[in-house]
Amino acid sequence: MASKCRRLSGPIIRELLDSVESVLFDCDGVIWRGDEAITGAADVINLLKQNGKRVFFLTNNSTKTRRMYVDKLRKLGFNASEEDVFGTAFCSAVYLKSEAKLNGKVYLIGSNAMKQELQNVGIPQVGVGPDPITGVQIDWANIPLDPEVKAVVVGFDEHFNYMKLNRALQYLSNPECLFVGTNTDTRLPLEGGKAVPGTGCLLKAVETAAQRQALVIGKPSKFMFDCVAHQYGLDPAKTLMVGDRLDTDILLGSNCGLKTLLTLTGVSTAADAEAHQCSGCPVRLGMVPDYIVESIAELLPALQA
Amino acid sequence: MAGAGRGCQKIRGSQIQDVLDTKHSILFDCDGVIWNGEKAVAGATEVVSLLKKQGKNVFFVTNNCTRPRDIYVQKFSRLGFTDVAQEEIFSSAYCSAVYLRDVAKVQGKVFVIGGHGVYKELREAGVPFVEGEADDPDMTIVNCPLDSDIKAVLVGYDDKLTFLKLAKACCYLQNPDCLFLATDPDPWHPLREGRVTPGSGSLTAALETATGRKATVIGKPSRFMFECIASQFGVDPAESLMVGDRLETDILFGVNCGMDTILTLTGVSTLGEAQAYKDDQAPEKKVYVPDYVVDTIADLLPVIEDDE
């Protein structure tokens, strides 16, 4: 059985890097935290590219367009272009256009970034922005529904409220209406200890009210990897997934047959990884990383040599 | 009555009499059982009056947390149920207040995601609480003040729900000593003409997902509302009957409390759904199977009248 949870050090780092052609990085907790880059992260990414590796960014965060991600990446010193970035706003739009072949509008609980990415593929939306509740209960069951809406899409939305939940429920009462969620992350990473509910909670509220399950685009669903792999012809056996969350990044890596590296600058701990490893439960074993580092900066010496 | 292969027995006439003879207490759900919206189910007022005349205890057990009990009394009266007293009404808002005051004995304030019904019951029970009031539009979870005296979060139906309320509740629940209560688990509530509206259960699910914690649920199918009734009125489940319209709420509640159950078909669940549970091989589905089925509670009427 292949070893797991190996601490990367010395020659193993070089071995690992030589064995892969592409490296996929999660963002929050891996290359940056909030608006600050992790020390050494920009050098790692830039050197990987110089070494001839392809580098992609895979993030469940649905609040930025690819353009916005590139702006942030470049501001923090990372060499990147739009084609390198795969966020759930972009991937949801790709899914609706290319897979679902949606012919109609989306009722969107989400951000302007999601609206923008949908617009970029020619899909109109309704719903973005504040939606204050008015009237009484029976009015809400009778709200006018746009007959062109063929899908309900749920991403992160700071304007989420009962009215939006209600509208989604009314649209989803039609079984033909598609139901897509960007991701199931339960909390947003936030500095200062305050826990902010993530998209997963909003999605759960809609799923419960509608008694339907959404199709989820983000990690650990394979769709995001397929998005990248499809466009760039990646070989899973020669691809490394680097992340900070065992239940999204590492699980995606396992599900897609990638090598996986857990970095400890984010959500999950080494103890979490070891607990999954000892659990004996097949689902949990998928969350055990091949390798562990304290920070991706540990890759630097091997890259600089 | 209980046992393998039992259940879903359509009853009329003397069969109903046999069942009623052994019962001292009849518990009715409200929405879809005795009324639909603002209209009493035909015959329902007569059923309630005659059961009381026969000396039965009659209680009303509802998950609807939007009204305080005194407003319910007004509704009963308005719809022609002229002999229903406040003490006979057990709503999830009232029972949540009782739980916080008498069971949890909460020392501190309750953060409420809910509405007028819950606020009034908490006030009447003397339980201090914080309304998730309408916030300053510039307020975000990053800059909003948090109350340091919150010892419990209670979540129920709230049409004024906002993201900020959810976020605040999430922060309070990070403290493992802060209680987490939900008025009821209903994912959606029925309105007129087959329409639906998001229920307390969907808001609770959001908070459970955010916090990784499970709420203590007050309403059906949890036993607590029955325990409330039993502690105030000395009711024996073996001599009690639960009449409801929702299999996953009312019937499961009856089973959980050891009562016989009647499904009435004037509300949410259908005979087909009840039969499906009955025919299901999985043993865990048996808890949703009603002992008896009536088309409407008016079917209890001719029998009772014969008895006079």
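Presented here is an overview of the structure given in this document. Owing to the predicted nature of the structure, the values given are computational and were not obtained by experimental measurement.

Description of helix α7 (residues 200-211) of chain B
All names here are of chain B.
Right, so step 1: Taking 1.5 Å as the rise per residue, α7 with 12 residues should run 16 Å; its terminal C-alpha atoms sit 17 Å apart, in good agreement.
Right, so step 2: Across the 12 residues that make up α7, a large majority, 12, are buried.
Right, so step 3: Of the residues making up α7, those classed as buried are S200, G201, S202, L203, T204, A205, A206, L207, E208, T209, A210 and T211.
Right, so step 4: Residue G212 follows α7 closely and has a positive phi angle near 70 degrees.

Quick look at the interface of chain B and chain A
Right, so step 1: Counting residues at the interface gives 31 residues for chain B and 32 residues for chain A.
Right, so step 2: Between chain B and chain A, roughly 2800 Å² of surface is buried when both sides are summed, and carbon and sulfur atoms account for 66% of that area.
Right, so step 3: Summed over the three residues of chain B that lose the most area to chain A, namely F163, P198 and T209 of chain B, the buried surface amounts to 23% of that side.
Right, so step 4: Our enumeration of links across chain B and chain A arrives at 0 salt bridges.
Right, so step 5: Linking chain B with chain A are 8 residue pairs in polar contact (both at pLDDT 80 or more), by the criterion used here.
Right, so step 6: Elements represented by at least two residues in the side of chain B that touches chain A include exactly α6 (163-172), β12 (196-198) and α7 of chain B.
Right, so step 7: With 8 residues, α7 of chain B is the largest single contributor of residues to the side of chain B that touches chain A.

A few points about the environment of R123 of chain B
Residue and element names in this part refer to chain B.
Right, so step 1: Note that R123 resides in helix α5 (residues 116-125).
Right, so step 2: Taking the C-alpha atoms as reference points, R123 and A97, 26 residues apart in sequence, are found 8.6 Å from one another.
Right, so step 3: Aside from chain neighbours lying at most four places away, what touches R123 is F129 and E131.

A closer look at the sheet that holds strand β8 (residues 125-126) of chain A
Residue and element names in this part refer to chain A.
Right, so step 1: Pairing in this open sheet of 5 strands is parallel, and the strands run β8-β7-β9-β10-β13 from one edge to the other. Only two strands of the sheet have a single partner each, and these edge strands are β8 and β13 (215-216).
Right, so step 2: Note that strand β7 (residues 105-109) and β8 share 2 bridges and pair parallel. Each bridged residue has a counterpart across the sheet, and for Y107 the counterpart in β8 is V126.
Right, so step 3: Helix-sheet contacts for helix α5 (residues 112-120) involve β7, β8 and β9 (149-154), and the interaxial angle to β7 is about 165 degrees.

Notes on helix α8 (residues 199-210) of chain A
Residues that lie three or four places apart on an α-helix share one face, since the helix turns once every 3.6 residues.
Right, so step 1: When the terminal C-alpha atoms of α8 of chain A are compared, their 17 Å separation across 12 residues agrees well with the 16 Å that a helix rising 1.5 Å per residue should span.
Right, so step 2: Those residues of α8 of chain A that sit buried are T199, G200, C201, L202, L203, A205, V206, E207, T208, A209 and A210 of chain A.

What counts and how
- Residues numbered from 1 in each chain as written.
- Chains lettered and ligands numbered in written order.
- Predicted model: local features only at pLDDT ≥ 70, side-chain atom pairs only at ≥ 80, totals over all residues.
- Heavy atoms only, no water.
- Helix = DSSP H or I, 4+ residues; strand = E, 2+ residues; numbered from the N terminus.
- Expected span 1.5 Å × (residues − 1).
- Buried < 20%, exposed > 50% of the residue type's maximum accessible area, 1.4 Å probe, protein only.
- Contact = heavy atoms within 4.5 Å.
- Buried area = accessible area lost by both parts, 1.4 Å probe.
- Salt bridge = Lys/Arg side-chain N within 4 Å of Asp/Glu carboxyl O.
- Polar contact = N/O pair within 3.5 Å; in protein donor to acceptor, adjacent residues only side chain to side chain.
- Pairing = 2+ DSSP bridges.
- Axes fitted to C-alpha atoms, helices over the stretch in contact; angles between N-to-C directions.

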